[in-house]
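Now for the letters of each chain:
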Amino acid sequence: MQPILDTPLWLAHKRRALIHPSEGADFLMNRAAEDLADRLGAVERRFGKAAALFCQTSAAAGVLAASGKAADVDRIEADAAFLDGGPGRIAPLEAVPFEPQSLDLAVSLLSLQAMNDIPGMLIQIRRALRPDGLFLGAFAGAGTLGELRESLLAAETELYGGASPRVTPFTDVRDAGALLQRAGFALPVADVETVTVRYANLFALMADLRAMGETSALADRSRRPGSRRLFARAAEIYAERFSDHDGRIRASFSMVWLSGWAPDASQQKPLKPGSAKVSLKTILEEGQ
């Protein structure tokens, strides 16, 4: 399979962001961690062994520990730098280092969008879960940075008569739900929440993306750096199309949430077609 993303480059961007931290640049991860706490709080059960998979910070593991719903929490990262001296293990990105049916709960925050084989990753997670084990995950989905994508495309086409991909393609929420089913999860649910952030201009947005370690890591990216002329024109187009009355621009971040359970005989199952004891016609006639 031809890779879409340059994983080593994505990891390099993340390491650089750790070396040069910027206050407030972790707002998306903080938002995802808060949502994880809410979603986990709505689950009325406790889990034995839990794992935070490739979440890049201690936020997800911290939520699991603070929830009191997991007896044991393991943390897996793709680089030792993300552990920052804390407990955890290192594994290659897109590899789940657990034996089959050894986890009761698995979570992943804001890393699936950096993986070339999301279906394969979900299958590995489902296999690592014990029957009736839960997976909760969040990643950047379709619509994320759509304004930036449109502005760069328009500017490059206008200036050079063509355009190179500069923004990562993101998975749609409907496709994400289908991927859960394909991976064999029971009771799959996918939903999306869009966060709109305002910036002074395109350059302030790009500075934030660098601070997050989320600049382009496309494998098929242009090896020629974008010119000042390109970004200046893109900034103008962005302001023309996506600014508010005060001149500040809008940037969209669409967070897709996934929830699925490892199949178990105790779970609810839909009735088989034709098994209903009362016809829809009878119900409608009685309601008249």
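Bear in mind the structure is a predicted one, so any value in this text is a computation, not a measurement. (Residues numbered from 1 in each chain as written. Predicted model: local features only at pLDDT ≥ 70, side-chain atom pairs only at ≥ 80, totals over all residues. Heavy atoms only, no water.)

Novice: Before we go on, may I ask you to explain the sheet that holds strand 1 (residues 47–53) in this structure?
Specialist: Hydrogen bonds between backbone groups are what pair the strands of a sheet, and the pairing can be parallel or antiparallel. As summarised here, the arrangement of the seven strands in space is 3-2-1-4-5-7-6, forming an open sheet in which the pairing is mixed. Of all the strands in the sheet, just strand 3 (89–90) and strand 6 (186–199) have a single pairing partner and so form its edges. Inspection of the sheet shows strand 4 (residues 103–109) paired to strand 5 (residues 129–140) by six bridges, in the parallel sense. What sits directly across from Leu105, in strand 5, is Leu134. Against the sheet, helix 3 (residues 59–67) contacts strand 1, strand 2 (70–77) and strand 4, and its axis sits at roughly 175° relative to strand 2. Helix 8 (residues 202–212) rests against strand 6 and strand 7 (249–261) of the sheet, and its axis sits at about 35° to strand 7. (Pairing = 2+ DSSP bridges. Helix = DSSP H or I, 4+ residues; strand = E, 2+ residues; numbered from the N terminus. Contact = heavy atoms within 4.5 Å. Axes fitted to C-alpha atoms, helices over the stretch in contact; angles between N-to-C directions.)

Novice: Looking at this model, I keep getting lost on the pattern of salt bridges. Mind explaining?
Specialist: Should their charged atoms come close, side chains of opposite charge can pair. Tallying each qualifying case throughout the model produces 18 salt bridges. The partner of Glu158 in a salt bridge is Arg233, and the shortest N-O contact between them spans 2.9 Å. In this pair, Glu158 sits in helix 6 (residues 146–160) while Arg233 sits in helix 9 (residues 228–242), placing the two residues 75 residues apart along the sequence. What makes Arg233 buried here is its relative accessible area of 19%. Here the salt bridges do not stand alone but share partners, grouping Glu158, Arg233, Glu236 and Glu240 into one network. (Salt bridge = Lys/Arg side-chain N within 4 Å of Asp/Glu carboxyl O. Buried < 20%, exposed > 50% of the residue type's maximum accessible area, 1.4 Å probe, protein only.)

Novice: Mind showing me how you'd approach the side chain of Asp35 here?
Specialist: Assignment of secondary structure puts Asp35 in helix 2 (residues 27–41). Buried within the structure, Asp35 lacks any salt-bridge partner; its nearest side chain of opposite charge belongs to Arg31, at an N-O separation of 4.3 Å. Setting aside chain neighbours within four positions, we find Asp35 in contact with Glu193, Met255 and Trp257. (Lys, Arg positive; Asp, Glu negative; His and termini not counted.)

Novice: What's the story with the nonpolar core in this structure? I'm lost.
Specialist: Soluble globular proteins tend to bury their nonpolar side chains together. Grouped together as the largest cluster of nonpolar side chains are 53 residues, with contacts concentrated most on Leu109, Leu148, Leu205 and Phe253. Per-element accounting of this core gives the leading share, seven residues, to helix 9. Among all residues touching Phe253, those that are not within four sequence positions of it are Phe27, Leu28, Thr144, Leu145, Glu193, Thr194, Val195, Val197, Tyr199, Leu205, Leu209 and Met212. If you look at the next biggest cluster of nonpolar residues, it comprises 34 residues, including Trp10, Ala91, Phe98 and Leu258. (Core = buried A, V, L, I, M, F, W, Y, C linked by side-chain atoms within 4.5 Å.)

Purely spatial values, then, with no claim about function.
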